[in-house]
Amino acid sequence: MARLTARPARAAAPWRALVLAAAALYFLVPLAASVVFTVDVPGQGIDLGAYTRILDTEGFLPSLLLSLGLAAATIAVVLLLMVPAMVALRLSAPKLRPVVEVVCSLPLVVPPIAFVAGIGTVLKWGPEHLSRTPLFQTFVAVQNPDFPLVLVLANAVMALPFVYRALDAGLRAIDVRTLVEAARSCGASLPHALVRAVLPNLRGALLSASFLTFALVLGEFTTAQLLGFRPFAVWIVNISGSQAQMSVAVSVMSLLVTWLLLLLLAGLGGRRTPSSTTDRK
């Protein structure tokens, strides 16, 4: 049996190397071309001015801070919404899982342009018909340009498919019912059991969901542009016409930061405490 299993592995090794090499070329060649475009100045040679001027460029810090704030708020909203719902689904209503899966997958089916058009219609309809009600202030508050809550809500909806998949994979890997029952038998309340027994075992899933949401919010352009706001992705596109090298340099830097966060996520998600490894042994 060992020989039979070893042969397919040896036969697949060259193909794996070929696929990895093709994937590396697919990602690294455009990245390298972008880096060359940002540092190569015709007639002057290598110039790193596109990178050194990033912090001094008008609108860079406000747009970046706005996107980071929107990402943090979106992560908090979507996790507070999905984690209790997914755990309750596992404990009390497993038959509703297909329904929840379909609902969370709808943002992948609905085109973003149609989604944004619907949001814009509601935002225009609300102030016109609810001007004499307390809800009028709500419509005004969610469109505050300093921190548009409507983008948080829209990004939370668009992040549902990715968060659902990440949390579902994490919950499938553990026995939620046994963990909760064991904690309850020790005298813990249900919320305390979820916080102390379930969430530590979902660390990798929570980090994956948070990272996917962060990447989505940082690169989201359609919703913010059509609603008239200017987060980081919209700022990059706006300066591309007048400062092409600068926009590409910012894109390269954001891509590298995203990769570093992904590596950090992989390291944190795969780390195990000494006590847990000792218990398994």
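**Student:** Sorry if this is basic, but what is going on with the side chain of Ser63 here?
**Tutor:** Among the structural elements, Ser63 can be located in helix H3 (residues 60–91). The residues contacting Ser63, other than those within four sequence positions of it, are Arg230, Pro231, Phe232 and Trp235.

**Student:** Even after reading the chapter, I still don't get the nonpolar core, so can you show me in this structure?
**Tutor:** Nonpolar side chains tend toward joint burial in soluble globular proteins. Core analysis: the biggest nonpolar cluster contains 56 residues, and Leu79, Met82, Val163, Leu167, Val176, Leu227 and Val250 have the highest contact counts within it. In this structure Val163 touches Val78, Leu79, Met82, Ala209 and Thr213, once residues within four positions along its chain are discounted.

**Student:** Help me understand the packing of aromatic side chains, please; the structure alone is not making it clear to me.
**Tutor:** How two aromatic rings sit relative to each other is set out by the distance from centre to centre and by the angle between their planes. Applying the stated criterion across every chain yields a total of 4 aromatic pairs. Judged by centre distance (6.1 Å) and plane angle (15 degrees), the ring pair of Phe232 and Trp235 falls under stacked. Of the two residues, Phe232 and Trp235 are both situated in helix H12 (residues 232–239); the distance of 3 residues between them amounts to about one turn of the helix. Across this residue pair, the class does not change: Phe232 and Trp235 are buried. By the ring-pair criterion, three or more aromatic residues cluster together here, those being Phe60, Phe232 and Trp235.

**Student:** Could you clarify how one ought to interpret helix H4 (residues 97–109) in this entry?
**Tutor:** It helps to recall that an α-helix has 3.6 residues per turn; residues three or four apart then point in one direction. Between its first and last C-alpha, H4 extends 19 Å over 13 residues, near the 18 Å set by a 1.5 Å rise per residue. Contacts from the buried residues of H4 go to H3 and helix H7 (149–172).

**Student:** Hey, could you run me through the pattern of salt bridges in this one?
**Tutor:** Summed over all chains, the structure comprises 5 salt bridges. The shortest N-O distance in the salt bridge between Glu101 and Arg165 comes to 3.0 Å. Of this pair, Glu101 sits in helix H4 while Arg165 sits in helix H7, and the two are 64 residues apart along the sequence. One connected set of salt bridges, linked through shared partners, spans Arg90, Arg97, Glu101, Arg165, Asp168 and Arg172.

Definitions and cut-offs
- Residues numbered from 1 in each chain as written.
- Predicted model: local features only at pLDDT ≥ 70, side-chain atom pairs only at ≥ 80, totals over all residues.
- Heavy atoms only, no water.
- Helix = DSSP H or I, 4+ residues; strand = E, 2+ residues; numbered from the N terminus.
- Contact = heavy atoms within 4.5 Å.
- Core = buried A, V, L, I, M, F, W, Y, C linked by side-chain atoms within 4.5 Å.
- Buried < 20%, exposed > 50% of the residue type's maximum accessible area, 1.4 Å probe, protein only.
- Phe/Tyr/Trp six-rings, centres within 6.5 Å; stacked < 30°, edge-to-face > 60°.
- Expected span 1.5 Å × (residues − 1).
- Salt bridge = Lys/Arg side-chain N within 4 Å of Asp/Glu carboxyl O.

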